[in-house]
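Each chain is listed here by its residues.
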Amino acid sequence: MQRRTVLKAPVVLGAGALLGGCGAPAPSPGAPAPSTPSASSASASRALLAYFSRAGENYYYGDTRVLEVGNTEVVAGMISAAVTVDVFHIEAAEPYPDSYRATVERNVREQNDEARPAITGTLPDVEAYDTVLLGSGIWNVRPPMIMRTFVESVDLSGKTILPFVTYAVSGLGRTVEDYTRLCPRSTIGEGLAVRGEEARGARAEVEAWLRTTELLPR
Ligand SMILES: Cc1cc2nc3c(=O)[nH]c(=O)nc-3n(C[C@H](O)[C@H](O)[C@H](O)COP(=O)(O)O)c2cc1C
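Residues numbered from 1 in each chain as written. Predicted model: local features only at pLDDT ≥ 70, side-chain atom pairs only at ≥ 80, totals over all residues. Heavy atoms only, no water.

For the confidence of the model for the protein, give the residues involved together with the corresponding values.
Confidence along the protein averages 86 in pLDDT terms, with 79% of residues attaining 70 or more. Counting contacts from residues 24–34, a segment whose pLDDT is below 50, to residues more than four positions away or on other chains yields 36 contacts. Overall, residues 38–43 carries pLDDT values under 50, and its contacts beyond four positions in sequence, including any with other chains, amount to seven contacts. (pLDDT = per-residue confidence, 0-100. Contact = heavy atoms within 4.5 Å.)

How would you summarise the environment of Ala-50 if you had to cite specific residues and measurements?
Among the secondary structure elements, Ala-50 is positioned in strand β2 (residues 47–52). Through-space distance from the C-alpha of Ala-50 to that of Phe-88 is 4.6 Å; in sequence the pair is 38 residues apart. In contact with Ala-50, not counting residues within four places along its chain, are Phe-88, Ile-90, Leu-133, Leu-134, Gly-135, Met-147 and Phe-150. (Helix = DSSP H or I, 4+ residues; strand = E, 2+ residues; numbered from the N terminus.)

Account for the packing of helix α3 (residues 145–153) against helix α4 (residues 175–182), naming residues and giving values.
Look at α3 against α4: their axes get within 11 Å of each other, and the N-to-C directions meet at 30 degrees. One finds that α3 runs roughly parallel with respect to α4. The chirality of how α3 crosses α4 is right-handed. The residues of α4 that touch α3, namely those facing Met-147, Arg-148, Val-151 and Glu-152, are Asp-178, Tyr-179, Arg-181 and Leu-182. For the contact of α3 with α4, the per-class residue count stands at four nonpolar, no polar and four charged. (Axes fitted to C-alpha atoms, helices over the stretch in contact; angles between N-to-C directions. Parallel < 35°, antiparallel > 145°, perpendicular 65-115°, else oblique. Left-handed = near helix turned anticlockwise from the far one by under 90°. Nonpolar A, V, L, I, M, F, W, Y, C, P; charged D, E, K, R; others polar.)

Kindly report on the site of the ligand, identifying the contributing residues and their values.
In the vicinity of the ligand, 22 residues are found, and the nearest of them are Ser-53, Thr-72, Ile-138, Thr-166 and Val-169. Contacts to the ligand include Asn-58, whose side-chain N or O atom sits 3.0 Å from an oxygen atom. One of the side-chain N or O atoms of Ser-170 is found 2.7 Å from a nitrogen atom in the ligand. A total of 640 Å² of accessible area belongs to the ligand in isolation, and the protein chains cover 98% of it. Elements supplying a minimum of two residues to the shell around the ligand: α1 (71–82), α2 (100–112) and β7 (160–167). Looking at which element gives the most residues to the shell around the ligand, the answer is α2, with three residues. Its residues assigned to classes, the shell around the ligand comprises nine nonpolar, twelve polar and one charged. (Near = heavy atom within 4 Å. Polar contact = N/O pair within 3.5 Å; in protein donor to acceptor, adjacent residues only side chain to side chain. Areas by Shrake-Rupley, 256 points an atom, 1.4 Å probe, with all protein chains shown as cover.)

Explain the side chain of Thr-131 residue by residue, including any values.
On the secondary structure map, Thr-131 appears in strand β6 (residues 131–137). If sequence neighbours within four positions are ignored, Thr-131 has contacts with Arg-46, Ala-47, Leu-48, Thr-160 and Leu-162.

Could you give an account of the packing of aromatic side chains, with specific residues and numbers?
Scanning the entire structure with this criterion turns up seven aromatic pairs. Aromatic pair Phe-52 and Trp-139: ring centres 5.5 Å apart, planes at 85 degrees, arrangement edge-to-face. Of the two residues, Phe-52 sits in strand β2 while Trp-139 sits in the loop between β6 and α3, which places them 87 residues apart along the sequence. Centroid distance Phe-88 to Phe-150: 5.9 Å. Interplanar angle 25 degrees. Geometry classified as stacked. Pair noted here: Phe-88 is in strand β5 (residues 86–90) and Phe-150 is in helix α3, with a separation of 62 residues, a long-range link. Phe-150 shares its class with Phe-88; the two are buried. Through successive ring pairs, a cluster of aromatic residues spans Phe-52, Tyr-96 and Trp-139. Geometry around Tyr-60 places Arg-65 over its ring, the cationic atom sitting 3.9 Å from the centre. Taking NZ or CZ as reference, Arg-106 lies 3.6 Å from the ring centre of Tyr-96, over its face. (Phe/Tyr/Trp six-rings, centres within 6.5 Å; stacked < 30°, edge-to-face > 60°. Buried < 20%, exposed > 50% of the residue type's maximum accessible area, 1.4 Å probe, protein only. Lys NZ or Arg CZ within 6 Å of the ring centre and 35° of its normal.)

Structure follows, in structure tokens:
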């Protein structure tokens, strides 16, 4: 995969904040991914991996770099290679800009406005799953607002949510607090935080986490 450095000035991470609720299904759109869950058919798998990831110009060790594949998508690929999961790629109906700065600005607006950015395609039927792995980058110290759109559009009651994120400096940030508040009838399991710049070398870390979750045999 080819990457190139675009900006030379030091780059700051976003700023803004706020909350939501994990509710009843309200069908709205979805899309393909490494392997796709059927939108409504039964599956042999009891685990769903739903992730949002943005390719394009992104933060890279204080600078920026253009990524052909987003960091979270890389980690999602490692997970789906290691364990049996259905995969749902959360994609924005209005795609995020390639520009890092423009994306930071849009995210600040979305956080301040308590926005729920629309997801493209048909959302998966989550009824058959016991476990839902939720993956995203960290945007201004929490998952992007489109993750709220997702958890509020499918009914995750009674399911175990396993959050995983890629980040620059914040680790999981407020991910566990957000999903705990948004999904009060779900169990939030142990999360995984992988530094974005190191995602491509994180296979061992990812598999160790999968063992702690018991999705992979110990
Ligand atoms: C809009 C925006 C805001 C970000 N804010 C943070 C942040 O607050 N803390 C942090 O550690 N990383 C932050 N990052 C860096 C991303 O979390 C990191 O690059 C992540 O790996 C991106 O995942 P992706 O490539 O799957 O989209 C931000 C990136 C973007 C684009």
